[in-house]
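Residue-level listing of the chains:
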Amino acid sequence: MSTKRVYFFGNGTAEGQAGMKLLLGGKGANLAEMNLIGVPVPPGFTITTEVCKEYYSLGKEEVIKLITPEVEEAIAKVEDLMKSKFGDVENPLLVSVRSGAPASMPGMMDTILNLGLNDEVVEGLARKTGNERFAWDSYRRFVQMYGDVVLGMKPVNKEDIDPFEAIIEEMKEARGVELDTDLTVEDLKLLVAKFKEAVKAQTGHDFPASAYEQLWGAVCAVFSSWMNERAILYRQMENIPEEWGTAVNVQAMVFGNMGETSATGVCFSRDAATGENLFNGEYLINAQGEDVVAGIRTPREITKIGSQRWADRAGISEEERVATMPSLEEAMPEIYKELDALQTKLEDHYRDMQDMEFTVQEGKLWMLQTRNGKRTGLAMVKIAMDLLKEGYIDEKTALMKIEPNKLDELLHPVFDKAALASAKRITRGLPASPGAATGKIVFFADDAAKLHNEGGHRVILVRNETSPEDLAGMQVAEGILTARGGMTSHAAVVARGMGKCCVSGAGALKIDYKARTLTVDGNVYNEGDFISLNGTTGEVYEGMVDTKAAELDPDFEALMALADKYAKLTVRANADTGHDAQIARSFGAQGIGLCRTEHMFFEGDKIKAMRRMILAENAEGRREALSRILPYQKDDFKSIFREMNGLPVTVRLLDPPLHEFVPHDLKGQQEMAEDMGISMEQIQHRIESLSEQNPMLGHRGCRLGNTYPEITEMQTRAIISAALELKKEGVTAVPEIMVPLTGILYEFKEQESVIRATAEKVFEEMGDRIDFTVGTMIEVPRAALTANRIASSAEFFSFGTNDLTQMTFGYSRDDIASFLPVYLEKKILKVDPFQVLDQNGVGQLVKMATEKGRAERPNLKCGICGEHGGEPSSVKFCHRTGLNYVSCSPFRVPIARLAAAQAVIEEQA
Ligand code: PEP
Ligand code: MG
């Protein structure tokens, strides 16, 4: 059977359907589906993503040859339905050509509208519609889009002005008018002529007049745009595989710019920022689709309630609102009713919040697109829980609807109320994407990226409007502020996708890109000045405003409870202080999986005692210094055990090389010399003797405890006595004492005997006992390889995948940045293995060690405490490998809880 490359849809029939996203792209699959469920969609066809692959392997000419027969056949069907002909002078069919990848990539690739026009066809269109202005306006837009996108005339340099825009500006100046709409039909005709001259001058070729030649150019341009810079960047950000390719959708044009009974808009079945179950969106009368998202004209609200909220925020009276910015509900009530019914139908059908595009052509409503809408983390949780409550979806579907990493946004800080009360508000825009952000004003995306990447500065990107070229700057910015554009502008949509704070359409801002200033009500702010944004209210403040931790709402709590119902893995936290333990518990941690005791030595007086210990000449001196540290350690453990009352706390014995604790500056060395009553030479000599060529592979971990057992003794004493003292207060401590960096069974056994002997001593001294276990980190490959031997003594394993990754790959944890970017770019590595667990390599060691360990000790408790413990794909791997728990930083606990639940649901499916 020959390969099918083109899928037709129209008039209630379609060759594709919603399940064919990989082949037809998201847009194409949904256009087919909408037809099948009786939504009015202009007829057209989809050229598959497979053809995109053929485009890259066979080249343009071959691909056109391959698809011509099927495209001609599909065009004929569209012609029949639209009762017009492609390229015909008297009764022309015009089409749009759009990209549509399997995953949504808003604004990432180029679109061509009004294709099929030429000097004769435009006259025919004018006669057919009786609207000469509309025909010529469509033609000049087409030549401009086609010139920019297909013929490559769009300037590469952001400072350069689009050649077509320059011609329009020149013309407006010559005519003394401000708006494009003020130009006459004769002006538009002249514009087209000038545009075509510019095309000839720049490309050396005439603008193509043949409809099919135009079509092939546009189709191939869409395929080419799959590999443009912004598409590549977006794919990297969103982890979209390059192999997928994009489909191309060719569809009969319908026009929102045919006069006052025509309109175009974008709408959402629920609020994409907050998740509120409220139909909302924006539209423009007498406009083409791109006008709404481009942010050039400020669009109006679709619903009356949305319009009223907008007016309240902008401080506009009801009369003024109705007169100047009426909602679609008020301006076109019949169309609104139909649209409202369609949005309900589409949400019912897809059982998720829909993001839809529509056009009204002379009083007839057409749906151009629907897709599951992008949303903030906040909205993601609310919509999933609401859909569950409303009975649209079941619990498992609700859990699977949330991207675990998106929860991060909910845990982010908001403005501190007191700080906000005294902050100076300078203006207000639209609350495009929630959150709080403070940073330095920057006007250009590349400057933002530079300031952030090189200087570590927090920046707010301030623009009249953003475009896909600004992506890299938006990505690094704390927040985005635009003077123009609505809730569906590029800035708003992209910021929401990124979970980034954004205020759009703050019309009072006057931006001078040349002078690099921002003026509001006569006050001038320079590049580099601080401003603060509240993306939840749309307010903009002068200077820095303090932030505080977010408050979690009931939907979030309900989601977490649901996740726990399904999850098999328990989630613990890595925490070294009572304060962190408290946060961890508030996020639902069921214990501490890693308490790094070395962090307790760095503060205040403790560091001095620690240094005395390290610089001591002999065991006696070390014991004396350690006895000074003991009370501090005990207190630290008590505060953690107290927070975790009844839950297990894995305390790891001292791990890092000792030289990390000694003073490297002269002042510090002097201080220690005086404190200890020894000479500077002695101090410096000792410091020198501690220095190592390769400290990460040197005297650290249990090698310290084995050479200086008094450290292990002191730490054990602190842990056990803390637990016993708390027992008297009625607090249950469940300590798990963990030996770091074990590679050889006997390394562990030595430490274990010191721990058990010390514990017995403390039990005797205090006249009471508690239960505790002794286990080990598995973070040296040899430990994984000999896990059965180690499990003969160790009561639990905790995989330290930071070190295990370091030692398995042989990549230094501290130096990978020097080559990682090149490795990622060359695709030698897909991701940073220190962030995402390498399941094929490091993961196999985890799996093997778990199996070997349990073969020796069937009830061996296994967990992970490297950074990977809070990364969703790694958490899912841990579930499949049969670990008992994952442990991660407190703020990632909710992410891990959700990922653990999803792992179970995915397994069942
Ligand atoms: C590890 O190596 O994975 C680990 C958790 O320990 P640390 O990061 O402290 O070396
Ligand atoms: Mg480690």
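Within every chain, residues take consecutive numbers counted from 1 along the sequence as written. The naming scheme follows written order: chains are lettered A onward, ligands numbered 1 onward. Side-chain atom pairs in this predicted model are given and counted only at pLDDT of 80 or more, local residue features only at pLDDT of at least 70, and totals for whole chains, interfaces and linings cover all residues. In computing side-chain properties, one takes all heavy atoms of the structure into account and sets aside hydrogens as well as water.

**Focus: the environment of Asn-788**
We apply this condition: Comment: elements are numbered from the N terminus, with helices defined as DSSP H or I runs of at least four residues and strands as E runs of at least two. Each residue is placed in one exposure class: buried if its accessible area under a 1.4 Å probe, protein chains only, is under 20% of its type's maximum, exposed if it is over 50%, and partly exposed if it falls in between. Whether two residues touch is decided by their heavy atoms; if any such pair falls within 4.5 Å, the residues are in contact.
Positionally, Asn-788 belongs in helix α32 (residues 787-791). Overall, Asn-788 belongs to the partly exposed group, its relative accessible area being 30%. As a C-alpha pair, Asn-788 and Glu-851 span 63 residues in sequence and 8.4 Å in three-dimensional space. In this structure Asn-788 touches Lys-852, Gly-853 and Glu-856, once residues within four positions along its chain are discounted.

**Description of the pattern of salt bridges**
The condition that has to hold: For this document, the term salt bridge refers to a Lys or Arg side-chain nitrogen within 4 Å of an Asp or Glu carboxyl oxygen.
One pass over the full model with this rule turns up 58 salt bridges. The residue Asp-206 makes a salt bridge to Lys-200 at a minimum N-O spacing of 3.5 Å. Its salt-bridge partner being Glu-334, residue Lys-337 comes within 3.8 Å of it at the nearest N-O pair. Highlighted residues: Lys-337 and Glu-334, both in helix α14 (residues 333-350), separated by three residues, approximately one helical turn. You'll find Lys-337 and Glu-334 in the same group, each marked exposed. Within the structure, one salt-bridge network assembled from shared partners comprises Arg-652, Asp-655, Arg-700, Asp-803 and Arg-813.

**Quick notes on the coordination of the magnesium ion (ligand 2)**
Going by this rule: Coordinating donors are taken to be N, O and S atoms lying within 2.8 Å of the metal, or within 3.2 Å when the metal is Na, K or Ca; because water is excluded from the atom set, some sites may appear incomplete.
Distances from the magnesium ion (ligand 2) to its protein donors, Glu-779 (OE) and Asp-803 (OD), fall within 2.0 to 2.1 Å. Residue Glu-779 is found in the loop between β31 (773-778) and α31 (781-785), and its partner Asp-803 is found in helix α33 (residues 801-809); the two are separated by 24 residues along the sequence. The buried category is assigned to Asp-803, whose relative accessible area is 3%.

**As for the nonpolar core**
In summary, soluble globular proteins display a tendency toward joint burial of nonpolar side chains. Quick note on the threshold: The nonpolar core is taken to be a set of buried Ala, Val, Leu, Ile, Met, Phe, Trp, Tyr and Cys residues, with the residues joined through side-chain atoms within 4.5 Å.
Core analysis: the biggest nonpolar cluster contains 88 residues, and Phe-641 and Phe-797 have the highest contact counts within it. Ranked by the residues each element gives to this core, the list is headed by helix α37 (residues 893-908), at eight residues. Excluding residues that lie within four positions of it along the chain, Phe-641 makes contacts with Val-649, Val-651, Ile-719, Ala-722, Ala-723, Leu-726, Val-731, Ala-733 and Pro-735.

**With respect to the sheet that holds strand β12 (residues 354-361)**
What counts is decided by this rule: The criterion for strand pairing is that DSSP finds at least two bridges linking the strands in question.
Spatial strand order, β11-β10-β9-β12-β13: five strands in an open sheet with antiparallel pairing. What marks the edges here is a single partner per strand, and that holds for β11 (300-301) and β13 (364-372).

**Observations concerning the sheet that holds strand β22 (residues 517-520)**
As a reminder, the rule being used: Simply put, an axis is a line fit to the C-alpha atoms, just over the touching stretch for a helix, and the angle between two N-to-C directions goes from 0 to 180 degrees.
On the basis of which strands lie adjacent, the open sheet formed by three strands has the order β21-β22-β23 and antiparallel pairing. The open sheet terminates on both sides in strands that have one partner only, identified here as β21 (510-512) and β23 (523-526). Neighbour-to-neighbour, the strand axes of this sheet turn through a mean angle of 20 degrees, independent of strand direction. The pairing of β22 with β23 spans four bridges and is classified as antiparallel. Looking at β23, one finds that Thr-519 is bridged to Val-524.

**Observations concerning the pairing of β12**
Within β12, six of the eight residues are buried, which leaves the element mostly enclosed by the surrounding structure. The pairing of strand β9 (residues 263-268) with β12 spans six bridges and is classified as antiparallel. Bridge pairing links Cys-267 to Met-356 in β12. Across eight bridges, the pairing between β12 and β13 is antiparallel. Bridging across to β13, Gln-354 finds its partner in Asn-372. Here β12 folds back onto β13 in antiparallel fashion, the turn holding two residues, of which Glu-362 has a positive phi close to 40 degrees.

**Comments concerning unusual backbone geometry**
Even without glycine at this site, Lys-83 takes up a positive phi of about 50 degrees. Looking at where Lys-83 falls in the secondary structure, it is placed in the loop between α3 (60-82) and β4 (85-86).

**Overview of helix α25 (residues 619-643)**
The following threshold applies: Helix span, as expected, comes to 1.5 Å for every residue beyond the first. The bend at a residue is defined as the angle formed between two axes, one fitted to the seven residues ending at that residue and one fitted to the seven starting there.
Look at α25: 35 Å from first C-alpha to last across 25 residues, which is about the 36 Å you get at 1.5 Å a residue. When the local axis directions of α25 are compared, the greatest deviation, roughly 35 degrees, occurs at Ile-629, which is followed within four positions by the proline Pro-631. Of all the positions in α25, only Arg-622, Ala-625, Leu-626, Ile-629, Gln-633, Asp-636, Phe-637, Lys-638, Ile-640 and Phe-641 are classed as buried.

**Overview of the site of ligand 1**
What counts, and what does not: The nearness test applies per residue and asks whether one of its heavy atoms lies within 4 Å of the molecule or strand. Contacts described as polar in this section are N or O atom pairs within 3.5 Å, which, within protein, must combine one atom able to donate a hydrogen with one able to accept it, while residues neighboring in sequence count only if both atoms come from side chains. Where accessible areas are quoted, they stem from the Shrake-Rupley method and a 1.4 Å probe; at the residue level, only the protein chains shown are allowed to cover.
In the vicinity of ligand 1 there are 14 residues, among which Arg-596, Arg-652, Gly-800, Asn-802 and Arg-813 approach most closely. Separating an oxygen atom of ligand 1 from a backbone N or O atom of Gly-800 is a distance of 3.3 Å. Within the side chain of Arg-813, a nitrogen or oxygen atom sits 2.8 Å from an oxygen atom of ligand 1. Burial of ligand 1 by the protein chains amounts to 96% of its free accessible area of 280 Å². Contributing elements (two or more residues each) for the shell around ligand 1: β28 (592-596) and α33. For the shell around ligand 1, the leading source of residues is α33, giving three residues.

**Concerning the side chain of Lys-172**
With respect to the helices and strands, Lys-172 occurs in helix α6 (residues 163-175). A residue is classified by how much of its surface remains accessible, and Lys-172, at 9% relative accessible area, is buried. Apart from residues lying up to four places away in sequence, Lys-172 is in contact with Val-177, Glu-178, Leu-179, Asp-180 and Leu-183.

**Points about the packing of aromatic side chains**
Under the convention used in this document: Pairing of aromatic rings covers Phe, Tyr and the six-membered ring of Trp, with a centre-to-centre limit of 6.5 Å; geometry is then stacked below 30 degrees between planes, edge-to-face above 60, and tilted otherwise. The rule is short: NZ of Lys or CZ of Arg within 6 Å of the ring centre and within 35 degrees of the ring normal puts a charge over the ring.
All told, the structure shown has 20 aromatic pairs when counted by the stated rule. Taken together, Phe-809, Tyr-811, Phe-819 and Tyr-823 form an aromatic cluster joined through their ring pairs. It is Lys-4 that lies over the ring of Tyr-7; its NZ or CZ is 4.9 Å from the centre.

**A word on the UniProt feature "binding site: Mg(2+)" (unreviewed entry) in the chain**
Where we set the bar: UniProt positions are given in the numbering used here, feature names are shortened, and annotations may be inferred rather than shown by experiment.
The UniProt feature table records "binding site: Mg(2+)" (unreviewed entry) at Glu-779 and Asp-803. Taking the farthest pair of C-alpha atoms as the criterion, the annotated set spanning 25 residues converges on one region, since that pair is 5.3 Å apart. The contacts of Asp-803, once residues within four sequence positions are left out, are Met-696, Arg-700, Leu-741, Glu-779 and Arg-813. At 2.8 Å, the side chain of Asp-803 forms a polar contact with the side chain of Arg-700.

**Structural notes on the domain arrangement of the chain**
Rule in force here: Note that the domain bounds reflect an automated or database-derived domain assignment.
For the chain, the assigned domains are domain 1 (1-117 + 210-253), domain 2 (119-209), domain 3 (263-375), domain 4 (412-548) and domain 5 (567-657 + 692-908). The straight-line distance from the C-alpha centre of domain 3 to that of domain 5 is 53 Å.

**Quick notes on the UniProt feature "active site" (unreviewed entry) in the chain**
UniProt annotation of "active site" (unreviewed entry) refers to His-490 and Cys-865 when read in the numbering used here. For the residues just named, distributed over 376 residues, the greatest C-alpha separation reaches 39.7 Å, placing them at more than one site. Following the sequence through the fold, His-490 ends up in helix α21 (residues 490-498). Looking at the element boundaries, Cys-865 is found in the loop between β33 (861-864) and α36 (872-881).

**A closer look at the side chain of Thr-482**
Residue placement: Thr-482 occurs in strand β19 (residues 479-482). Polar contacts involving the side chain of Thr-482 include one to the main-chain carbonyl oxygen of Arg-484, which spans 2.8 Å. Among residues more than four places away in sequence, those in contact with Thr-482 are Arg-463, Asn-464, Glu-465, Thr-466, Ala-491, Val-503, Ser-504, Gly-505, Ala-506 and Leu-509.

**Digging into helix α22 (residues 554-566)**
Where we set the bar: Note that the arc is computed from the directions linking the helix axis to the C-beta atoms.
With 13 residues, α22 should cover 18 Å at 1.5 Å per step; its first-to-last C-alpha distance of 19 Å lies within 8% of that length. Among the residues of α22, those classed as buried are Asp-555, Phe-556, Leu-559, Met-560, Leu-562, Ala-563 and Tyr-566. On an axial view of α22, the arc spanned by its buried residues comes to 160 degrees, and they lie on one face. Exposed positions of α22 whose direction lies more than 90 degrees from the buried face are Pro-554 and Lys-565.

**Side note on the pairing of strand β3 (residues 44-47)**
Residue alternation in β3 divides its side chains into two sets, Gly-44 and Thr-46 and Phe-45 and Ile-47, and both sets are buried. Here four bridges tie strand β1 (residues 6-10) to β3, and the two strands are oriented antiparallel to one another. Within β3, the residue paired with Tyr-7 across the bridge is Thr-46.

**So, the environment of Thr-370**
With respect to the helices and strands, Thr-370 occurs in strand β13. Taking relative accessible area as the criterion, Thr-370 reaches 1% and is therefore assigned buried. In this structure the C-alpha to C-alpha distance between Thr-370 and Asn-30, which are 340 residues apart in sequence, comes to 6.5 Å. For Thr-370, the contacting residues outside a window of four places in its chain are Asn-30, Met-34, Leu-346, Tyr-350, Gln-354, Asp-355 and Met-356.

**A look at the packing of helix α2 (residues 49-58) against helix α8 (residues 211-225)**
As a reminder of what qualifies: In these notes the angle categories are as follows: under 35 degrees is roughly parallel, over 145 is roughly antiparallel, 65 to 115 is roughly perpendicular, and the rest is oblique.
In contact at an axis separation of 10 Å, α2 and α8 are set at 85 degrees when each is read in the N-to-C sense. With respect to each other, α2 and α8 are oriented roughly perpendicular. Residue-level inspection shows Val-51, Cys-52, Tyr-55 and Tyr-56 of α2 in contact with α8, the latter providing Cys-220, Phe-223 and Ser-224.

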